[in-house]
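Survey of secondary and tertiary structure
Listed below are the residues making up each chain.
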Amino acid sequence: MNVRFWRGWGVGRRMAVITMLPVALLFTSFVWYSWYAHRAQVAEELAERGRILARALAETSEYNVISGNLSDLRLTINGLVQSDRSIYRVDVVDVTGRASVRVVSESATDAQPHFYEAPIRKQVVWINLFSDNGTPHVSASSDSRPPTLTTEVVGWVRVTMSPSNMMAKQTDRFQIELSMAALALAASGILAWVLARSLIVPLREAIGSLRQIRGGNFQVNPPVSTGGEIGELQSSIGEMALALGESKRDLENKVAERTRDLLASRNEALRADADKRKLIQKVNEIIEDERKSIAVEIHDELNASLIAARLEAQAIGLLAAKAPPGPEVDEIRRKSEAITKLALDLYANGRRLVRRLRPEVLDMLGLHGAVEEVVRHYDTTSGCRFDLHSEGDFARLSNELAISAYRIVQEALSNVMKHAAARSAHVSLLLDEGKGALRIRVVDDGAGFDTASASEGIGIIGMRERVFALHGTIEVRSSPGEGTDVAIALPLSVPAQPSLITPAAPAATS
Amino acid sequence: MNRLDRALRRMPSDTPALASLLAFTLLIVLAAGAANAANQVAGQAASQPPVHAPNQAPVQPSGQVPAAATTLIQDAPPPAAPATTTTAAARADRGETQGFRFEIITGDDSAVTHRIAEDLYKRLVPTFAAFRTELAQKRRMLYIAIGPTALRDALSRRCDCVVISAYTSSQVWRTVTSRPSQGKQRRPAATAIYAEPAPRDQMRLAALLYGRPVRVGVLLGPDTAFLRPVLHDAAEVQMYSPGEDLNHTLNSMTRAEMLLALPDSDIYNAENVRNILLSTYRRKQGVLGFSSDMVKVGALATTYSEIEDINAQVAEIASSFVATGELAEPQFPRYFRTIINEGVASSLDLRVTDAARNFARRAPAP
């Protein structure tokens, strides 16, 4: 059992207990004592009356017992017994214990278990009776009053008392006391209730006010309905609400001011961001254009020249074949074959360069084909296994987006080749029409790296920039020994320029 | 005893009466101190010259006097009493006795006894003053016995003497005097003044109380049966023998309106008195008691005699005896007064008259 069980009690309950507990204790003890006192009084009074009655009857019945005139005695005792309802029975017994007179009350109902006994003593008057005992017989009065002495006991008076009558009277008195005490208890209860209420009501109001304040309503002004600490509390709550209201207004003003500043800064940042994206896009465009023009130069000029040089060398070979054999002719033929071969190699290199600078496969095969081409190229030229998985119709992608995607895949695969030392790599292209995004994912089972500690290389930075320029997202997940997973999402359509937010209107003041 | 004698002799005194009184007082003091010894003191007129009044040695051996008893012996004093002188002279002619002397015998040492003895002494001294010049041995002794014990003491003395009994009831007197004397011892001549009131006076008082002649009942026991002839005419006599139920006897005395109580230890003893008083009261019978103490404890009324009354009567008898040589018959008190318990009287519906209240026979002034 919890010793401090009252801790969960409310003020009203505590107040009621504090007020009522002593009163209840007092009431209980008073009622108990009163009942005890009344009972004791009955017992004492009965004992006293019994003794006095026995003594008085013993005195009065002396003559009747001695003279044997018991009928007189019976009449006397009967009168007494019938007039006093608290007497149950009176017995007069002689010295031998034989009952001489017994009178039982007609009205008394119950009897005490014991009786009060008084001896009937024979009283002797010591006066000079002129006996032959030596003293002179003087008939004149002696100076002192002759003493009356008692000698032998001639019988006993036994009085049995009946407590019911006296008990009834005492019970009536007790009931009056009980009802008075109960009234006092009830009055105390009402007083306790009133007192408790006088505490609870202002406290509840104060709590309500505090709740309102907590809810943000500072416009509470609890009335000061009482004095003392409670009144002080009420007035303090009112003052606190006022002070809080004022400080809230101050804060709101400050916040509004800061918000305005922040919005301005944000708008500025947004503008700068947009400019940056435009710049990157522009740079990428320029690079692609430049690459394209270089590729065209190489393709149109260099490769045509190389084809012409091969054709010339083949012509030299043919001439040599027609010429008479000799060591010079053989030397010429060998040289022309060497030039032809060199020209072919250069042509092939030129073609490779053109392909890298300007992935015309993209124009011819689309994104899917170009990526397939590049994957196949890496798969065949390295010890690592590459595979591709793609979903969706990539034809409708914009050229810019397709080039960026292609370059991103190219860069990612280049990174795998250069750093991962992976045994296999998986590329997936997914056109999510529902969300309007192109998802690119390159996963390898290579060495991996700690994304938190390792500094990003140029490759990843370039990828980020491309993604950023297209308003896409890039996520690189890797840990040492666990391979690397690069996931990129590019929106199919460039989202509208984010609107510049104007600062909200300041909070309305009341 | 010698010491007292010497003290008395040395004592200067002008008047013999004062000297006697002093001697008597000293004597009481001494008697109180010596509880076991019997004191006998010769009351001397100390102022008298030794030649005229030789000291008298105590006439009794101390062993014969009862314990704590005092005997006053008077054999002197003075002032000339011419009347008795001639009587003494006449008496001297008859034999060897020439005059009288007296001795007061007491049986106890109580204050009442002392008062009686003192008063009596004063009353008797003048009577015997005439014989003071005679030799003590030649004077006849008159004993006055105060109370029953003193009476027995006086009667037991072997001498040619006379005893006057006072303060002894008729019943006890009769019991003592009827006892046969031991051996051939001659019993002294004796008379008595009974202690209880005279029945005749009581009857008159009863009539005064009721204002008419009343029927008076008397209970007589074996010791008081001798009074039956005296009372037979005046009262309803009911005999009672010891052992009977007293209440029954009282109940049978139905005709009597009053009960005349007479001293009788068989009937009226300390244990019975209250019962008798209550029984008679319940039957509306008044009790004429025999002492004022009895009236105080519940009897209706009585005539009674003060010590002075009895002493006056003793003095009269002594004086008469000294003068005539004739000893009066035993008699009831001559002088009396009346005491009435007014409470009892009103309870008995008696209207007490002044005649009853003042019913008395006063003794002449000494």
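Let me sum up the structure you'll find in this document. Quantities reported herein were computed from a predicted structural model and do not represent experimental measurements. (Residues numbered from 1 in each chain as written. Chains lettered and ligands numbered in written order. Predicted model: local features only at pLDDT ≥ 70, side-chain atom pairs only at ≥ 80, totals over all residues. Heavy atoms only, no water.)

In this section: the pairing of strand 5 (residues 161-168) of chain B. All names here are of chain B. Summarising burial for strand 5: 8 of the 8 residues are buried, a large majority. Summarising the sheet, strand 4 (residues 140-146) and strand 5 pair through 6 bridges and their orientation is parallel. Its bridge partner being in strand 5, Leu142 is matched across the sheet by Val162. In terms of handedness, the path from strand 4 via helix 5 (residues 147-155) over to strand 5 forms a crossover that is right-handed. With 6 bridges connecting them, strand 5 and strand 6 (residues 189-194) associate as parallel partners. By the bridge assignment, Ser165 is partnered in strand 6 with Ala192. (Buried < 20%, exposed > 50% of the residue type's maximum accessible area, 1.4 Å probe, protein only. Helix = DSSP H or I, 4+ residues; strand = E, 2+ residues; numbered from the N terminus. Pairing = 2+ DSSP bridges. Right-handed = clockwise from strand over helix to strand, strands pointing away.)

Residues and elements named next belong to chain A. A cluster of acidic residues, Glu285, Asp289, Glu290 and Glu400, forms a negative patch at the surface. Sorting elements by how many residues they give to the negative patch places helix 4 (residues 228-322) first, with 3 residues. Within the secondary structure, Glu285 is located in helix 4. On the basis of relative accessible area, Glu285 is assigned to the partly exposed category, the value being 37%. (Patch = residues over 30% accessible without salt bridge, like charges linked within 9 Å, V, L, I, M, F, W, Y side chains within 5 Å. Areas by Shrake-Rupley, 256 points an atom, 1.4 Å probe, with all protein chains shown as cover. Salt bridge = Lys/Arg side-chain N within 4 Å of Asp/Glu carboxyl O. Lys, Arg positive; Asp, Glu negative; His and termini not counted. Charge placed at Lys NZ, Arg CZ, Asp CG, Glu CD.)

Working definition of a disulfide: a covalent bond connecting the sulfur atoms of two cysteines. Residue and element names in this part refer to chain B. According to the stated counting rule, one finds 1 disulfide over all chains in the structure shown. Linked covalently through their sulfurs, Cys159 and Cys161 form a disulfide whose S-S length is 1.9 Å. The S-S bond linking Cys159 to Cys161 shows a torsion near 55°; that makes this disulfide right-handed. Accessibility expressed as a relative area gives 25% for Cys159, which makes it partly exposed. By relative accessible area, Cys161 is classed as buried at 2%. (Disulfide = S-S within 2.5 Å.)

As a further point, take the nonpolar core. Residues A:Leu367, A:Leu413, A:Leu438, A:Ile488 and A:Leu490 are the most contacted members of the largest nonpolar core, which totals 39 residues. Elements that contribute at least two residues to this core include exactly helix 6 (360-381), helix 7 (399-420), strand 6 (424-432), strand 7 (437-444), helix 8 (458-469), strand 8 (473-478) and strand 9 (484-491) of chain A. Each residue touching A:Leu438, except ones within four places of it in the same chain, is listed here: A:Leu367, A:Phe394, A:Leu397, A:Ala405, A:Leu430, A:Leu431, A:Ile488, A:Ala489, A:Leu490 and A:Leu492. Grouped together as the second largest cluster of nonpolar side chains are 30 residues, B:Leu124, B:Val125, B:Phe131 and B:Ile146 included. (Core = buried A, V, L, I, M, F, W, Y, C linked by side-chain atoms within 4.5 Å. Contact = heavy atoms within 4.5 Å.)

Here the focus is the interface of chain B and chain A. Interfaces are often sized by the amount of accessible area the parts lose when they come together. Listed as interface residues are 40 residues of chain B and, on the opposing side, 30 residues of chain A. For the pair chain B and chain A, the interface holds 4 salt bridges. Two residues, B:Glu271 and A:Lys122, come together in a salt bridge whose shortest N-O distance is 3.5 Å. Where chain B meets chain A, there are 13 residue pairs in polar contact (both at pLDDT 80 or more). Only helix 4 (111-128), helix 5, strand 5, helix 6 (170-178), helix 10 (270-282) and helix 11 (292-296) of chain B provide two or more residues apiece to the side of chain B that touches chain A. Residue contributions to the side of chain B that touches chain A peak at 8 residues, all from helix 10 of chain B. Considered class by class, the residues forming the side of chain B that touches chain A number 17 nonpolar, 14 polar and 9 charged. (Polar contact = N/O pair within 3.5 Å; in protein donor to acceptor, adjacent residues only side chain to side chain. Nonpolar A, V, L, I, M, F, W, Y, C, P; charged D, E, K, R; others polar.)

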